[in-house]
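Single-letter residue listing:
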Amino acid sequence: MTTQGKAIAVRHETIDESAAGQRIDNYLLRLAKGVPKSHVYRILRSGEVRVNGGRVQQTYRLALGDEVRIPPIRIAETARAVPPPAGKALPVVYEDDAILVIDKPSGKAVHGGSGISHGVIEQLRVQRPELRMLELAHRLDRETSGLLIVAKKRSALTVLHDMMRDGAMEKRYLTLVPGRWTNPLQHVKAPLYKYLTADGERRVRVSPEGKPSHSIVRLVRRWEKYSLLEVELKTGRTHQIRVHLAHLGFQLCGDDKYGDFALNKRLEGEGLKRMFLHAAKLSFIHPLTGERLTLEAALPLELQQFIDRLDALEPRNHG
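Criteria and thresholds
Residues numbered from 1 in each chain as written. Predicted model: local features only at pLDDT ≥ 70, side-chain atom pairs only at ≥ 80, totals over all residues. Heavy atoms only, no water. Helix = DSSP H or I, 4+ residues; strand = E, 2+ residues; numbered from the N terminus. Polar contact = N/O pair within 3.5 Å; in protein donor to acceptor, adjacent residues only side chain to side chain. Buried < 20%, exposed > 50% of the residue type's maximum accessible area, 1.4 Å probe, protein only. Contact = heavy atoms within 4.5 Å. Core = buried A, V, L, I, M, F, W, Y, C linked by side-chain atoms within 4.5 Å. Pairing = 2+ DSSP bridges. Axes fitted to C-alpha atoms, helices over the stretch in contact; angles between N-to-C directions. Phe/Tyr/Trp six-rings, centres within 6.5 Å; stacked < 30°, edge-to-face > 60°. Lys NZ or Arg CZ within 6 Å of the ring centre and 35° of its normal. pLDDT = per-residue confidence, 0-100.

1. Quick word on the side chain of Arg-222
Relative to the helices and strands, Arg-222 is located in strand β12 (residues 214-222). Here the side chain of Arg-222 touches Trp-181 through a polar contact of 2.6 Å, landing on its backbone oxygen.

Shown next, in the form of structure tokens:
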């Protein structure tokens, strides 16, 4: 970034694996953060951006080894973003040269936006400046903890997105609900519809107008007043677990959007101060090597302590 009245000189970039396969417009927007989109598209249309010496359309996908000419770009001082603090190192569950899997803490958004200045992905980019590319392969709700995949190569990201879309990735979550869940195994197929509240908040409800959604619920443990469930996602809709279970009358403990608010208040006094939802297991074929990976993340301390408390109050399992 430069100050008002100054400009970045003409630069030439050689496309490596981190950018191969990306559209030229998205590549430029990321490279020139703070520059209005309209300006980026103008320099593309005018032919000031060249790939291998020639003009390209905004939809052109970069190839490994492409030489990109980027003209001088003026950036106002006010457009400079304050970098996110590096913060505490995020716990790594698995890493190689293509992907990074972290155990995301509850309360941390996966990316900035909607009033949040930065999230996990921005923090990772500050902590790992040596990595030319870091992109989220999927998302977790802010209050959900657990396994989150970040791609370090464009080729890996593309394959991971295809897996998500095709349901080829096994994702299992642990959640605690009030009441006695009785079925050892239950398929929930209820279409989910996204909408905005009057306050502009994103919400989801079961509706015939919604997208097909499929969750598989397994009973893990049961106490007199609570049930620990494992939920496998066959589709990845927004708030899918929360809405599917609430639709069946089993709101997640600690859920501040779809939950039982009186119960949540009581649970806070008993030590559960967050939503009980944890991305506990991922199983998938590595996007580049073809090896099957099965990764697990143990329940965070605050959730495990609440389970231990239930066990202490009620030694016998109410199976």
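Still to come is the rest of the account.
2. Quick word on unusual backbone geometry
The residue Asn-52 is not glycine, and still its phi comes out positive at about 55°. The residue His-239 is not glycine, and still its phi comes out positive at about 55°. By the element assignment, His-239 lies in the loop between β13 (226-233) and α5 (240-247).

3. Observations concerning the environment of Asp-311
Inspection of the secondary structure puts Asp-311 in helix α7 (residues 301-313). A polar contact of 2.6 Å, which involves the side chain of Asp-311, links it to the side chain of Arg-221. Here Trp-223 takes part through its side chain, which lies 3.0 Å from a polar atom of the side chain of Asp-311.

4. Thoughts on the environment of Arg-154
Relative to the helices and strands, Arg-154 resides in helix α4 (residues 154-166). Judged by relative accessible area, Arg-154 falls into the buried class, the value being 10%. In contact with Arg-154, not counting residues within four places along its chain, are Glu-17, Ser-18, Ala-19, Ala-20, Gly-21, Gln-22, Met-133 and Glu-135. A distance of 3.3 Å separates a polar atom in the side chain of Arg-154 from a polar atom in the side chain of Gln-22.

5. Regarding the nonpolar core
Counting 27 residues, the largest nonpolar core has Ile-241 and Leu-245 as its most contacted members. Of all the secondary structure elements, the ones that give two or more residues to this core are β5 (99-104), α3 (120-127), β7 (145-151), β8 (170-178), β13, α5 and β14 (277-285). Not counting the four nearest positions on each side in its chain, Ile-241 is found in contact with Tyr-173, Val-231, Leu-233, Leu-252 and Leu-277. One finds Ile-24, Val-35, Tyr-41 and Ile-70 within the second-largest nonpolar core, a separate group that totals 20 residues.

6. Observations regarding the sheet that holds strand β2 (residues 50-51)
One open sheet accounts for three strands, arranged β1-β3-β2; its pairing is antiparallel. Among the strands making up the open sheet, the edge pair consists of β1 (11-14) and β2. Relative to strand β3 (residues 67-70), β1 is paired through four bridges, and the arrangement is antiparallel. When the sheet's bridge partners are listed, Arg-11 is paired in β3 with Ile-70. Sitting on the sheet, helix α1 (residues 24-31) touches β1, β2 and β3, and the angle it makes with β3 is about 55°.

7. What about the packing of aromatic side chains?
Between two aromatic rings, the relevant description is the distance of the centres plus the angle of the planes. This model, assessed by the stated rule, comprises two aromatic pairs. An angle of 85° between the planes, with centres 6.2 Å apart, marks the rings of Tyr-226 and Phe-306 as edge-to-face. Pair noted here: Tyr-226 is in strand β13 and Phe-306 is in helix α7, with a separation of 80 residues, a long-range link. On the basis of relative accessible area, Phe-306 is assigned to the buried category, the value being 2%. Across the ring face of Tyr-195, the terminal group of Arg-205 is positioned such that the distance to the ring centre comes to 4.6 Å.

8. Some thoughts on the confidence of the model for the protein chain
In this model, the protein chain carries a mean pLDDT of 88, and residues with pLDDT of at least 70 account for 90%. Overall, residues 1-7 carries pLDDT values under 50, and its contacts beyond four positions in sequence, including any with other chains, amount to 20 contacts. When the criterion is pLDDT under 50, residues 75-80 qualifies, and its contacts beyond four places in sequence or with other chains add up to 14 contacts.

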